[in-house]
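Descriptive structure summary
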Amino acid sequence: MSDDRETGELAPEAAMWSVVSTHAHREQFALENLERQGFLGSCPVVRRQVRHARRTSQVLRPLFPGYLFVQVAATGWRPIPSTYGVRSLLKVGERPALIDPAFVSGLRSREVEGVILRPEKEFTVGQQVQFAGGSFDGLIATII
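Below, the structure is looked at part by part. (Residues numbered from 1 in each chain as written. Predicted model: local features only at pLDDT ≥ 70, side-chain atom pairs only at ≥ 80, totals over all residues. Heavy atoms only, no water.)

1. Focus on the overall build of the chain
Counting its secondary structure elements, the chain contains 2 helices and 15 strands. The 144 residues of the chain split such that 29% are buried. When contacts within the chain are restricted to residue pairs at least 6 apart in sequence, those whose partners lie at least 24 apart make up 63%. For the chain, the computed accessible surface area is about 9900 Å², with 53% contributed by carbon and sulfur atoms. (Helix = DSSP H or I, 4+ residues; strand = E, 2+ residues; numbered from the N terminus. Buried < 20%, exposed > 50% of the residue type's maximum accessible area, 1.4 Å probe, protein only. Contact = heavy atoms within 4.5 Å. Areas by Shrake-Rupley, 256 points an atom, 1.4 Å probe, with all protein chains shown as cover.)

2. Regarding helix 1 (residues 27–36)
Within an α-helix, residues lying three or four positions from one another point in the same direction, as the helix has 3.6 residues per turn. Residues of helix 1 that are buried include every one of Glu 27, Ala 30, Leu 31, Asn 33 and Leu 34, and no others. Seen along its axis, helix 1 keeps its buried residues to an arc of 165°; they face one direction. Against strand 3 (16–22), strand 4 (41–42), strand 6 (55–62), strand 7 (67–72) and strand 8 (86–89) lie the buried residues of helix 1. Downstream of helix 1 by a residue or two, Gly 38 has a phi angle that is positive, lying close to 100°. (Arc of directions from axis to C-beta.)

3. A short note on the packing of aromatic side chains
A complete count under the given rule lists 3 aromatic pairs for this structure. When the ring of Phe 64 is compared with that of Phe 69, the centres are 5.8 Å apart and the planes differ by 85°; the resulting orientation is edge-to-face. Overall, Phe 69 belongs to the buried group, its relative accessible area being 6%. When the ring centre of Phe 29 is taken as origin, the NZ or CZ atom of Arg 26, which lies over that ring, is 4.1 Å away. (Phe/Tyr/Trp six-rings, centres within 6.5 Å; stacked < 30°, edge-to-face > 60°. Lys NZ or Arg CZ within 6 Å of the ring centre and 35° of its normal.)

Below is the structure:
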């Protein structure tokens, strides 16, 4: 992967994703500000059931509270840490920590109307599951 160290721009062929740490409960605010600057971002959400004052309701909550994903490419990544709502960009040394684009596309493929769906059946203790993909592909595990 090549970059221009003075501008902080990554080569166009290196359109990878990085992780952004946000201020508490400010994921959507940070995402909107990043997108306003031309970055492609993703903040996967799930539907959760909450109870308050004897009422139960369904609300959308981030799958990874306090974090979102942003694509770092030719636009450069240096403006990201100074964006409103962003706490920091996860880095390895002086460069953004990159994650495989397949991870983010896998999350996006599970979205229906912008919400990641939970499995139809919850896992139970003692149930055996088989990993599909990744470094544990094919391994069988038991839920404890």
